[in-house]
Amino acid sequence: MEVHPEAGKEGKPSCALVELQGDSSLQVEISDAVSERDKVKFTVQTKSCLPHFAQTEFSVVRQHEEFIWLHDAYVENEEYAGLIIPPAPPRPDFEASREKLQKLGEGDSSVTREEFAKMKQELEAEYLAIFKKTVAMHEVFLQRLAAHPTLRRDHNFFVFLEYGQDLSVRGKNRKELLGGFLRNIVKSADEALITGMSGLKEVDDFFEHERTFLLEYHTRIRDACLRADRVMRSHKCLADDYIPISAALSSLGTQEVNQLRTSFLKLAELFERLRKLEGRVASDEDLKLSDMLRYYMRDSQAAKDLLYRRLRALADYENANKALDKARTRNREVRPAESHQQLCCQRFERLSDSAKQELMDFKSRRVSSFRKNLIELAELELKHAKASTLILRNTLVALKGEP
Amino acid sequence: MAAEREPPPLRDGKPTDFEELEDGEDLFTSTVSTLESSPSSPEPASLPAEDISANSNGPKATEVVLDDDREDLFAEATEEVSLDSPEREPILSSEPSPAVTPVTPTTLIAPRIESKSMSAPVIFDRSREEIEEEANGDIFDIEIGVSDPEKVGDGMNAYMAYRVTTKTSLSMFSKSEFSVKRRFSDFLGLHSKLASKYLHVGYIVPPAPEKSIVGMTKVKVGKEDSSSTEFVEKRRAALERYLQRTVKHPTLLQDPDLRQFLESSELPRAVNTQALSGAGILRMVNKAADAVNKMTIKMNESDAWFEEKQQQFENLDQQLRKLHASVEALVCHRKELSANTAAFAKSAAMLGNSEDHTALSRALSQLAEVEEKIDQLHQEQAFADFYMFSELLSDYIRLIAAVKGVFDHRMKCWQKWEDAQITLLKKREAEAKIMVANKPDKIQQAKNEIREWEAKVQQGERDFEQISKTIRKEVGRFEKERVKDFKTVIIKYLESLVQTQQQLIKYWEAFLPEAKAIA
């Protein structure tokens, strides 16, 4: 199934989730995407006047695993330890949607042909929506990288954008996945250990505040995201319920011989239109609320990771101080201890400085994104409510007007 | 002793009809309501000099029709005279009606004792027509409310008592506003009485709400949770609708049992309504037997109308059931939506609390408030979905079952007539044989039997025609009511949907500036 997102986004890269101050020297977008049996192929198009690139405009085809490879490369790079690495896009998951389509195909004899057609239409729309979302997620990942002054200069990034062949990045095998999993556990344990260390004082109020803030914020936004998902699903359920109701009213109407005939038929039409509106309410809530919350849940995790790295650097610095003291008292190997301590200090300060900037950017990014999405959410809800009121009122007038 | 009589011609407003009396059964009529107040009110016990309004509406008598199999049924022959209630006049006198020459009005109004000794009970068919004309003119002025459910007693013997309030300007009632306390089994008892009197002669008696052992047990046990309050409210509303439908029926409204139910402070306990009682089990067995019989009766339908109507009701039943199931799903999902919205509101509030950007924090708290209000909206809408839409459908599914029952009774009636004809034929054949065999002593008996069965055949034919006629009228009235009912409820339901949307608009319009204020 092919999907072609709107091409021709001129000028600034725009994304509902993240407002980016892009400049025209490097523009990245996903111009096309194809969904095959169990993978999605993204066409990544780059427009750039940077001297590094051979051409000013070029495209490559990438799969999800290659995005993950790129993300991991950034994470493992010491140079970027002081930066928030944009969260990796989630794996495209059409499983649930495919299952539903399959179940529908298996057939339920009690469903009329119109009902079947509508349900199929709904499921196809759902499939399409998931597809569009995964494209958007992958795109915003790249666009954030392209907009970041430091990250955009990464060699791996250039390779990703330009190298015409397959990057031969296979998906993580089980050992690697397990490794990743264990690493996360070690990290959190380590983090806990560090903070428990006596003598490790957070010297900077800013970071102290950020730490407390991010820990709580991340948990709460994750909660809010899960619950927003449930609300969205309930709305969808409700919209789907209107399908059999409309169908039954239609049958009732065609059977009736009295004045109820027109009433039922009008009601059937009404419910069909309400269904579409309810469906739009559901999808708008999904895009403007759930997706936004989900993105910032991931972004706040990336921010937490940054804080962890800085804390780790601080611990290393503290340890180096202690080692230096010990070396001085013993008067042995003072010089290496000194230089090591110097390095740690520099690293820590470098990380702190860039982390501060990154965290402030994170906040402003977050605030502007929330503002935009909440405004759009409210405006859309109003639009749908007004449309619903209109069709309801029209039907009421028609019903009351009849003898 | 069967009392025979040649029925006078049916048409043109002449009184007609009578019922065959069987041994030990009473036949009588119920009350008559007067319209006019007159200073010279007749003596209560007998009202021959009853004032009749200018339009000569005549006495209104309800028929209480008996079946052979039924027991003694009758109503107290009370009569009400409205002395100073001028407001009651417009109700009936505004309706023009054909002139009536009441045959023996006195006998109708006679008190019970006298009615028993009536040799020629007269029941006016036309008065039924009159009542229906009134109904068509929508002048029924009676309002029933069921309210204030109250738990009486403790433990497994506890029950809910409901207040039944009647507001009326009909003169058959002694007061214009009164209320009594009734329990659920009282309602079932009322229905059972009405059904036994009227169903088998073709009247569509509205069915009573269903029993629920689980629901009631929870209430008895004293669980004060939301599900038992919901159950009680559902039942209260159902009881109210049941009574409202019953009093809308012009014939049933005249029934003394109904009046007693609405008016008298004490009502004998209806024990035969218990599900697990002997009577309950008997009912179940009879129902099963009926179902089997229905399958074996092959009726030659001479009237296409009946076949058509039956098919129509069958289709309607199927479609209503489908719609009802879908609406129940809607109610369920809307309740889920409400719960999920409430949960989201809480987490949005928490998120707002931890957000350190002041304006955004405030906006998130506002969002949480909006979502909380929306959750309330969804809940209210779910109630509307249920009480207006879903319950209307389930009421009509049960009403149509009653309609089908009435058609079935007609079939049984036909069967009886058919059987009588067959038996008559057999008796005639037997007589012929006896004539040939020349046994004079048996001839007389044979002739007697033939006369007896001839009468039964005639009666069977009359009954069949009567029930067919009644059903036609009833179905006409039912369909009219149905159209009105559905239209009213649909409009009310749509208005509730509009209300919800308007509230949504209000909430989001209040939120928008908050979102824009995020700096």
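- An unreviewed UniProt entry lists chain B under the name Sorting nexin-2, from Callithrix jacchus.
- One UniProt comment on chain B, placed under Sequence similarities (unreviewed entry), says "Belongs to the sorting nexin family."

- Chain A is annotated in an unreviewed UniProt entry as Sorting nexin from Cebus imitator.
- Regarding chain A, the UniProt comment filed under Function (unreviewed entry) reads as follows: "Involved in several stages of intracellular trafficking."
- If you open the UniProt record of chain A and go to Sequence similarities (unreviewed entry), you find "Belongs to the sorting nexin family."

1. Concerning the packing of aromatic side chains
- All told, the structure shown has 31 aromatic pairs over all chains when counted by the stated rule.
- Measuring from ring centre to ring centre gives 5.4 Å for A:Tyr74 and A:Tyr80, while their planes differ by 45°; the resulting arrangement is tilted. Across the pair, exposure class does not vary: A:Tyr74 and A:Tyr80 are buried alike.
- Of the aromatic side chains, those joined through ring pairs into one cluster are A:Phe264, B:Trp305, B:Phe306, B:Phe313, B:Tyr396, B:Phe407, B:Phe478 and B:Phe486.
- Sitting over the ring of A:Phe207, A:Arg310 keeps its end group 3.6 Å from the ring centre.

2. Remarks on the sheet that holds strand E3 (residues 142–152) of chain B
All names here are of chain B.
- The three strands are arranged E3-E4-E5 in an open sheet whose pairing can be described as antiparallel. The sheet is open, and its two borders are formed by E3 and strand E5 (177–183), each paired with just one other strand. Taking each pair of neighbouring strands and ignoring which way they run, the sheet shows an average axis angle of 20°.
- Note that E3 and strand E4 (residues 159–168) share nine bridges and pair antiparallel. Across the sheet, residue isoleucine 142 finds its bridge partner in E4, namely threonine 168.
- Contacts from helix H5 (residues 184–198) reach E4 and E5 within the one sheet, and its direction differs from that of E5 by about 100°.
- On the sheet, helix H9 (residues 256–263) packs against E3, E4 and E5 and is oriented at approximately 95° with respect to E5.

3. Let's talk about unusual backbone geometry
- A positive phi angle, near 55°, is found at A:Asn331, a position not held by glycine.
- Here A:Asn331 lies in the loop between helix H7 (260–330) and helix H8 (334–401).
- In this structure A:Asn331 comes out as exposed when scored by relative accessible area, which is 61%.
- Even without glycine at this site, B:Asp148 takes up a positive phi of about 45°.
- Within the secondary structure, B:Asp148 is located in strand E3.
- Taking relative accessible area as the criterion, B:Asp148 reaches 44% and is therefore assigned partly exposed.

4. Digging into the domain arrangement of chain A
- The domain boundaries assigned to chain A delineate domain 1 (174–201) and domain 2 (205–402).
- Inter-centroid distance (C-alpha atoms) of domain 1 of chain A to domain 2 of chain A is 26 Å.

5. Focus on the nonpolar core
- A:Leu293, A:Phe370, A:Leu374, B:Leu243, B:Leu262 and B:Trp508 are the most contacted members of the largest nonpolar core, which totals 156 residues.
- Considering every element that reaches this core, the biggest residue donor is helix H12 (residues 358–437) of chain B, with 28 residues.
- Setting aside anything within four residues of it in sequence, one finds B:Leu243 in contact with B:Ile144, B:Val146, B:Val164, B:Phe187, B:Leu190, B:Phe261 and B:Leu262.
- Among the nonpolar cores identified, the runner-up in size contains 30 residues, and A:Leu83, A:Leu142, A:Phe157 and A:Phe158 belong to it.

6. Section: the packing of helix H7 (residues 226–248) of chain B against H12(B)
Residues and elements named next belong to chain B.
- Between H7 and H12, the shortest axis-to-axis distance is 11 Å and the interhelical angle comes to 50°. Between H7 and H12, the angle falls in the class oblique. Crossing hand, H7 versus H12: right-handed. Within the contact between the two elements, H7 uses Glu230, Glu233, Lys234, Ala237, Arg241 and Arg245 and H12 uses Phe383, Phe386, Tyr387, Glu391, Leu392, Asp395, Tyr396 and Leu399.

What counts as what
Residues numbered from 1 in each chain as written. Chains lettered and ligands numbered in written order. Predicted model: local features only at pLDDT ≥ 70, side-chain atom pairs only at ≥ 80, totals over all residues. Heavy atoms only, no water. UniProt positions renumbered as here; feature names shortened; annotations may be inferred. Phe/Tyr/Trp six-rings, centres within 6.5 Å; stacked < 30°, edge-to-face > 60°. Buried < 20%, exposed > 50% of the residue type's maximum accessible area, 1.4 Å probe, protein only. Lys NZ or Arg CZ within 6 Å of the ring centre and 35° of its normal. Pairing = 2+ DSSP bridges. Helix = DSSP H or I, 4+ residues; strand = E, 2+ residues; numbered from the N terminus. Axes fitted to C-alpha atoms, helices over the stretch in contact; angles between N-to-C directions. Contact = heavy atoms within 4.5 Å. Domains from an automatic or database assignment. Core = buried A, V, L, I, M, F, W, Y, C linked by side-chain atoms within 4.5 Å. Parallel < 35°, antiparallel > 145°, perpendicular 65-115°, else oblique. Left-handed = near helix turned anticlockwise from the far one by under 90°.

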